[in-house]
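So the chains spell out like this:
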Amino acid sequence: RPLFDRQGIRLACPCTGGSNGERAAAGALRVTADEEKARQVLLNLCSNALKFTPHGGTVTLAIAPRGEGRVAFAVRDTGIGIPAEKCEAIFEPFVQVDGSRTRRTEGAGLGLAISRDLARGMGGDLTVESAVGAGSTFTLVLPAAPAADA
């Protein structure tokens, strides 16, 4: 959170428990995943959102059920957005939206490729929806943990 505050970007973390928008009870949504790998993916997504969101923007992390037996972690930003024709390519190694030598952000273009591989290795997926000038939403979907016996 301090990095977001320093750059003047609001970090919001609403957790919903269903389609009616109610807050989920703590621990109600559980996934079957490698904790370290899932954390690495989410950290990369939040870091990218911070990098591409201007001062005064917002980054939102939301967690919600996704269909039968899945949980979605969505990282939404109000940043620069990604052209539709590049939305799949950014998951390839060494690909960046702005490949010019004068781009304002750093990076080798490996983070999203590695993140998608990690997500798929845990039985999930990583996708993006974006519009230039309107921001992006990266969604990590992982298998839900089986319900505990009552």
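The buried fraction of strand 5 (residues 135–143) is high, at nine of nine residues. The alternating pattern of strand 5 places Gly135, Thr137, Thr139, Val141 and Pro143 on one face and Ser136, Phe138, Leu140 and Leu142 on the opposite face, and all of these are buried. Direction of pairing for strand 3 (residues 70–77) relative to strand 5: antiparallel, over a ladder of seven bridges. Bridging from a neighbouring strand, Ala72 pairs with Val141 of strand 5. Sheet analysis places strand 4 (residues 125–131) next to strand 5, joined by seven bridges and oriented antiparallel. Within strand 5, the position partnered with Glu129 by the bridge is Thr137.

Take the pattern of salt bridges next. Within the structure shown, the criterion is met by four salt bridges. Across the salt bridge formed by Arg116 and Glu88, the nearest N and O atoms sit 3.0 Å from each other. With Arg116 in helix 3 (residues 111–121) and Glu88 in the loop between strand 3 and helix 3, the pair connects residues that are 28 residues apart, well separated along the chain. Relative accessible area serves as the criterion here: at 51%, Glu88 is assigned to the exposed category. For Arg120, the salt bridge goes to Asp125, with nearest N and O atoms at 2.9 Å. For Arg120, a relative accessible area of 47% gives the class partly exposed. Among the charged side chains, a network of salt bridges with common partners joins Glu88, Arg116, Arg120 and Asp125.

Where the residue is not glycine, phi is negative for most of them; where a peptide bond is considered, it is trans in most cases. For Phe94, which is not a glycine, the phi torsion comes out positive at approximately 70 degrees. Looking at where Phe94 falls in the secondary structure, it is placed in the loop between strand 3 and helix 3. A relative accessible area of 61% means that Phe94 is categorised as exposed.

What follows deals with the packing of aromatic side chains. In this description, a pair of aromatic rings is defined by centroid distance and the angle of the planes. Scanning the model with the defined rule gives one aromatic pair in all. For the pair Phe91 and Phe138, a centre-to-centre distance of 6.3 Å together with 70 degrees between the ring planes defines the contact as edge-to-face. With Phe91 in the loop between strand 3 and helix 3 and Phe138 in strand 5, this residue pair connects regions lying 47 residues apart in the sequence. Residue Phe91 shares its accessibility class with Phe138, and that shared class is buried. The ring of Phe91 is capped by Arg116, whose NZ or CZ atom sits 3.8 Å from the centre of that ring.

Further remarks concern helix 3. All of the buried residues in helix 3 are Leu112, Ala113, Ser115, Arg116, Leu118 and Ala119. In this fold, the buried residues of helix 3 make contact with helix 2 (35–52), strand 4 and strand 5. Phi turns positive, to about 85 degrees, at Gly123, one or two residues after helix 3.

Spatially, the five strands line up as an open sheet ordered 1-2-3-5-4, and their pairing is mixed. Sheet topology places strand 1 (10–12) and strand 4 at the edges, where each strand pairs with a single neighbour. Going from strand to strand, the sheet's axes swing by 15 degrees on average, the running direction of each strand aside. Sheet strands touched by helix 3: strand 4 and strand 5. Its angle to strand 4, the strand with the most contacts, is close to 135 degrees.

Rules behind the numbers
- Residues numbered from 1 in each chain as written.
- Predicted model: local features only at pLDDT ≥ 70, side-chain atom pairs only at ≥ 80, totals over all residues.
- Heavy atoms only, no water.
- Buried < 20%, exposed > 50% of the residue type's maximum accessible area, 1.4 Å probe, protein only.
- Helix = DSSP H or I, 4+ residues; strand = E, 2+ residues; numbered from the N terminus.
- Pairing = 2+ DSSP bridges.
- Salt bridge = Lys/Arg side-chain N within 4 Å of Asp/Glu carboxyl O.
- Phe/Tyr/Trp six-rings, centres within 6.5 Å; stacked < 30°, edge-to-face > 60°.
- Lys NZ or Arg CZ within 6 Å of the ring centre and 35° of its normal.
- Contact = heavy atoms within 4.5 Å.
- Axes fitted to C-alpha atoms, helices over the stretch in contact; angles between N-to-C directions.

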